[in-house]
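Read off the chains here:
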Amino acid sequence: MLSQAFAPMPTLAPSRAGCCHSTCALGVPSPLRLLRQYAFRSTIVTSLSRQSHRQKHFFGPHCSTSRHTHNETQAPHSQVLAGWHRLMNAAVGGAAVLSVLLSVASPAQADPFFQSNKPPLQEMKAPEPDSNDLSQEEIASVKLFQQNTPSVVNISNIAVRQDRWSMDSQKVPQGMGSGFFWDDKGHIVTNFHVIKGAADIKVALIDQSVWSAKLIGGDPDKDIAVLQLECETSKIEELKPISLGQSSNLLVGQKVYAIGNPFGLDHTLTQGIVSGVGRELNTPGARGVPIRNVIQTDAAINPGNSGGVLLDSKGRLIGINTAIADPTGRGASSGVGFAIPVDSVKGLVDQILKFGRVIRPVLGITIAPPQTVRQLGLDGVLVLEAPSGSPANQAGIKGTFRQVPLPLTPLSAFVCVCDGCWVQCDSISVH
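Figured I'd write up the structure that's included with this text. The model shown is predicted, which means the values in this text are computed figures rather than measured ones.

Calculation criteria
Residues numbered from 1 in each chain as written. Predicted model: local features only at pLDDT ≥ 70, side-chain atom pairs only at ≥ 80, totals over all residues. Heavy atoms only, no water. Helix = DSSP H or I, 4+ residues; strand = E, 2+ residues; numbered from the N terminus. Buried < 20%, exposed > 50% of the residue type's maximum accessible area, 1.4 Å probe, protein only. Contact = heavy atoms within 4.5 Å. Areas by Shrake-Rupley, 256 points an atom, 1.4 Å probe, with all protein chains shown as cover. Phe/Tyr/Trp six-rings, centres within 6.5 Å; stacked < 30°, edge-to-face > 60°. Pairing = 2+ DSSP bridges. Expected span 1.5 Å × (residues − 1). Arc of directions from axis to C-beta. Core = buried A, V, L, I, M, F, W, Y, C linked by side-chain atoms within 4.5 Å. Axes fitted to C-alpha atoms, helices over the stretch in contact; angles between N-to-C directions. Polar contact = N/O pair within 3.5 Å; in protein donor to acceptor, adjacent residues only side chain to side chain.

**Quick word on the overall build of the protein**
In step 1: Along the backbone of the protein there are 9 helices and 17 strands.
In step 2: Across the 431 residues in the protein, those meeting the buried criterion constitute 36%.
In step 3: In the protein, 57% of the contacts between residues at least 6 apart in sequence involve partners at least 24 apart.
In step 4: Carbon and sulfur atoms make up 56% of the accessible area of the protein, which amounts to about 25,500 Å² in all.

**Some points on the packing of aromatic side chains**
Here the distance between the centres and the angle between the planes together describe a pair of aromatic rings.
In step 1: Taken as a whole, this structure holds 1 aromatic pair when the rule is applied.
In step 2: Taken together, a centroid distance of 6.4 Å and an interplanar angle of 45° make the contact between phenylalanine 180 and tryptophan 182 tilted.
In step 3: Look at tryptophan 182 and you get buried, because its relative accessible area is 12%.

**Considerations on the pairing of strand 5 (residues 210-219)**
In step 1: Where strand 4 (residues 200-204) and strand 5 come together, 4 bridges link them in antiparallel fashion. Residue valine 203 lies in a different strand from strand 5, and its bridge partner there is tryptophan 211.
In step 2: In the sheet, strand 5 pairs with strand 6 (residues 224-230) via 7 bridges, with the strands oriented antiparallel. By the bridge assignment, serine 212 is partnered in strand 6 with glutamate 230.

**Some details on helix 7 (residues 342-355)**
In step 1: Taking 1.5 Å of rise per residue, 14 residues should cover 20 Å, and helix 7 covers 20 Å from first to last C-alpha, within 8% of that figure.
In step 2: Along helix 7, the positions that sit buried rather than exposed are Val342, Val345, Leu348, Val349 and Ile352. One side of helix 7 carries all its buried residues, which in axial view fall inside an arc of 120°.
In step 3: Check the buried side of helix 7 and you find it contacts strand 3 (187-190), strand 5, strand 6, strand 11 (317-324) and strand 12 (337-341).
In step 4: Looking one or two residues past helix 7, glycine 356 carries a phi angle of roughly 85°, positive in sign.

**Details of the nonpolar core**
In step 1: Phe180, Val189, Ile224, Val309, Leu317 and Val345 are the most contacted members of the largest nonpolar core, which totals 26 residues.
In step 2: Mapped onto this core, the elements with two or more residues apiece are helix 4 (136-148), strand 6, strand 7 (255-260), strand 9 (291-297), strand 10 (309-311), strand 11, strand 12 and helix 7.
In step 3: Of all the elements, helix 7 adds the most residues to this core, at 5 residues.
In step 4: Ignoring any residue separated from it by four or fewer positions in sequence, one finds isoleucine 224 in contact with Thr190, Phe192, Gly218, Asp219, Ile320, Ile340, Val345, Leu348, Val349 and Ile352.

**Quick word on unusual backbone geometry**
In step 1: Even without a glycine there, the phi angle at glutamine 208 is positive, about 70°.
In step 2: Here glutamine 208 falls in the exposed class, since its relative accessible area comes to 55%.
In step 3: The residue histidine 267 is not glycine, and still its phi comes out positive at about 55°.
In step 4: Following the sequence through the fold, histidine 267 ends up in the loop between strand 7 and strand 8 (268-281).

**Quick look at the sheet that holds strand 4**
In step 1: Spatially, 6 strands are ordered 1-2-3-6-5-4 in a closed barrel, and the strand pairing comes out antiparallel. Neighbouring strand axes in the sheet, compared pairwise and without regard to direction, differ in orientation by 45° on average.
In step 2: Strand direction decides the pairing type here: strand 1 (residues 152-162) and strand 4, joined by 5 bridges, are antiparallel. Looking at strand 4, one finds that asparagine 154 is bridged to alanine 204.
In step 3: Each of strand 3, strand 5 and strand 6 touches helix 7; the most contacted strand, strand 6, lies at about 50° to it.

**So, the environment of threonine 268**
In step 1: Looking at the element boundaries, threonine 268 is found in strand 8.
In step 2: Accessibility expressed as a relative area gives 23% for threonine 268, which makes it partly exposed.
In step 3: In sequence terms threonine 268 and phenylalanine 145 are 123 residues apart; their C-alpha atoms lie 9.1 Å from each other.
In step 4: In contact with threonine 268, not counting residues within four places along its chain, are Ala258, Ile259, Gly260 and Pro262.
In step 5: Engagement of the side chain of threonine 268 in a polar contact is seen with the backbone oxygen of leucine 265, the distance being 2.9 Å.

**Side note on the pairing of strand 6**
In step 1: Strand 6 sits mainly inside the fold: 6 of its 7 residues count as buried.
In step 2: Here strand 3 pairs with strand 6 via 4 bridges, running antiparallel. Looking at strand 6, one finds that histidine 187 is bridged to glutamine 228.

**Focus on helix 4**
In step 1: Here helix 4 contains 13 residues, and its C-alpha end-to-end distance of 18 Å stays within 8% of the 18 Å for a straight helix at 1.5 Å per residue.
In step 2: What helix 4 keeps buried is the set Ile139, Ser141, Leu144, Phe145, Gln146 and Asn148.
In step 3: At its buried positions, helix 4 is contacted by strand 1, strand 7, strand 8 and strand 10.

**Some points on the sheet that holds strand 8**
Whenever strands of a sheet pair, they do so through backbone hydrogen bonds, lying parallel or antiparallel.
In step 1: Around the barrel, which closes on itself, the 6 strands sit in the order 7-8-9-12-11-10 with antiparallel pairing between neighbours. Across this sheet, the average inter-strand angle for adjacent strands is 45°, counted without regard to direction.
In step 2: Bridge count between strand 9 and strand 12: 3 bridges; the pairing is antiparallel. Within strand 12, the residue paired with threonine 297 across the bridge is glycine 337.
In step 3: Against the sheet, helix 4 makes contact with strand 7, strand 8 and strand 10, and its axis sits at roughly 40° relative to strand 7, the strand it touches most.
In step 4: Packed onto the sheet, helix 7 meets strand 11 and strand 12 and runs at close to 50° relative to strand 12.

Written out as structure tokens, the structure reads:
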């Protein structure tokens, strides 16, 4: 019975808010139950103390020896029981106060039961800018970076290399660049030269998670590529697409911001101004067709910034950073960077997402040089060839062909047929 009265105190665990009676869901006794439990145990201790005292006092008066023993042992035994009594009273009060504090320590909002099932959008974890320490211009720059950084990703171009000795194939990184989320479906837009020749593409997000991506399509002539992030649906719902702006109304001198991963330094912000508009930029495409209306900026753009975003002061996309003027050949920023205008990118990305490639209108003809037309004394364009199945051939346009000279015709002359009309040509050559 005494051992039951001095049973150890139950271990207290953090309680859920709102538990006020009996035992809560986490097994924590309520203050009222603790008070009753330890008050009952204290009563048992007091009863045992009194019973023991009566027994010793009853035998004490009939025997001097017992009275002597009683005088010697009563004080230590009473002190022990009194000490246990004070200890239990202190435990009752301490346990009750501790249980009350734990019951109100956790707010109801911290319970996972009250949390929403919808995953939050990815955001950059950074302290809010203090208006007392920063100017309004600095606060605007900080907020622009924090709001748009989750939309920018780091892209790694992985190639397959074969060891010359062991003949084993292994994947090695051959380049890095930047990209950004175009929409809420996991589509990433970047430069074509960033992923050119890649056997595998890895994408690192703002939360440092790395995922694979596959190429949907691209246009080497315009240096644009679209990727699809390969991850679960719940992760795609957390992605934050970039806000699109316009590049047709840009003015020289307005502020711009570039976000990318120069030299592998993820999510780096640089700022500058629009240094020029309407530039032309040659691309690495096979046809060598220049990109027109390119944006020139003095914002620092370095290797690794390719495919990153160029934003206006409102945080809207106005261009894709793609190249720098590098007269030294060292690959460092010279203060002259170029970005593909977003107005050109919109149509290209839409075609890639719809058809998997960029479709351009063609006539399907081969024309003669202008000097040949002048020598023939003709107006218009001389069609040399209209291949079968081309749009021009389907429209009824015929190419020009040569007629073998007649026996009496001088060797320096020949006859051409232009759209079915015979033309006599002297001392000229048609290519």
